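Summary of the model geometry
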Amino acid sequence: MQGLNIAVASSDGQCQMVSQSDYEFSNKVVLITGSSGAVGSRVLDFFTSHGATTIGTYLNDKNIDTTRSKSEAIDFIRCNTMNNADVTSLVSTITRKHSRIDILVNTSGGYIGGMSVVDLVEEDWNKMLGLNLLSAFLITKHVLPLMLQSGYGKIVHISSFAGVSAKGLDSAYASSKAGLIRFVESVSKEVKDYDLTVNCVLPSIIDTDSNRKMMPDAEFKQWVKVDELVSIIAFLSSDHSRAITGSAIPVLKPT
């Protein structure tokens, strides 16, 4: 996997570069939601290849077969992250087996757009709030006590730049992603006295096969590559980012 180099400040105030090869997660238990998706599966690959004990959630059986075949070392657990009972069971299963969760990367979510607020139906509005905000609330709610108990944790959610600047015809999606940004900010303040960080990333359009099929005439070069996004997630999941919490970090191509 090709990734970005990220500049961080060292203890002597000098700037140093951190690449994906510098990360070591061999002593970490990492939970990745939405692990069968385009982003989630690459996040799963990254942490597995860097020594982590990885657990991936999925919802649709037909989407997990390819991901499951990559490594027998990964635990895959079916979970609807919009369902409180499912999330409770998920965390209980992980607790029994591993006793802790050190890192949570929440890639679950979805997109509905291309329609005016007049044409938008209540079902679609609620679907966006469920996929992008309720799921983030539930997984954070149930994972956080384990992190507080151990005194360590890294939580990274995937929001969207649409949560900062909507383009129009995306009111439900943009609203749900904006809510996620405020959720991250609030939770980070709740745990500020612990060695826990809570952040989110704000990608613009991500260069995935499904997005290319949806927008075949778009300028793909301006889209965020999945590996670029994974590099930022890796940084926020590492101890290099200890001083960063409550942040919403844009991941954009320069225009």
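Residues numbered from 1 in each chain as written. Predicted model: local features only at pLDDT ≥ 70, side-chain atom pairs only at ≥ 80, totals over all residues. Heavy atoms only, no water.

**Points about helix H3 (residues 84-98)**
Keep this limit in mind: A run of H or I in DSSP counts as a helix once it spans at least four residues, and a run of E counts as a strand once it spans at least two, with each numbered from the N terminus. How far a helix is expected to stretch is found by multiplying one less than its residue total by 1.5 Å. Residues adjacent in sequence count toward polar contacts only when both atoms are side-chain atoms; beyond that, a polar contact is any pair of N or O atoms within 3.5 Å, and within protein one must be able to donate a hydrogen and the other to accept it.
Between its first and last C-alpha atoms H3 spans 21 Å; for 15 residues at 1.5 Å apiece the expected length is 21 Å, and the two agree. One side-chain oxygen of the residue at the start of H3 lies 3.0 Å from the amide nitrogen of Ala85, identifying that residue as Asn83. Remark: Ser99 follows H3 within two positions and exhibits a positive phi of approximately 75 degrees.

**What to know about the pairing of strand E3 (residues 29-33)**
Our working rule: Relative accessible area decides the class of each residue, using a 1.4 Å probe on protein chains only: under 20% of the type maximum gives buried, over 50% gives exposed, and in between gives partly exposed. Pairing between two strands requires that DSSP report at least two bridges joining them. Think of it like this: strands point away, you trace from the first strand over the helix to the second, and a clockwise trace means the crossover is right-handed.
In terms of burial, E3 is a largely internal element, five of the five residues being buried. A two-sided burial pattern is seen for E3, the buried positions comprising Val29, Leu31 and Thr33 on one face and Val30 and Ile32 on the other. The pairing of E3 with strand E4 (residues 53-58) spans four bridges and is classified as parallel. When the sheet's bridge partners are listed, Ile32 is paired in E4 with Gly56. Crossover handedness for the path E3 to helix H1 (residues 38-49) to E4: right-handed. Pairing analysis gives four bridges linking E3 to strand E6 (residues 103-106), with the strands arranged parallel.

**A closer look at the side chain of Ser108**
Counted only if it meets this: Any two residues having at least one pair of non-hydrogen atoms within 4.5 Å are treated as being in contact.
Tracing the chain through its elements places Ser108 in the loop between E6 and helix H4 (122-150). A polar contact of 3.2 Å, which involves the side chain of Ser108, links it to the side chain of Thr33. Apart from the residues within four sequence positions on either side, Ser108 is in contact with Thr33, Gly34, Thr81, Leu131 and Ser135.

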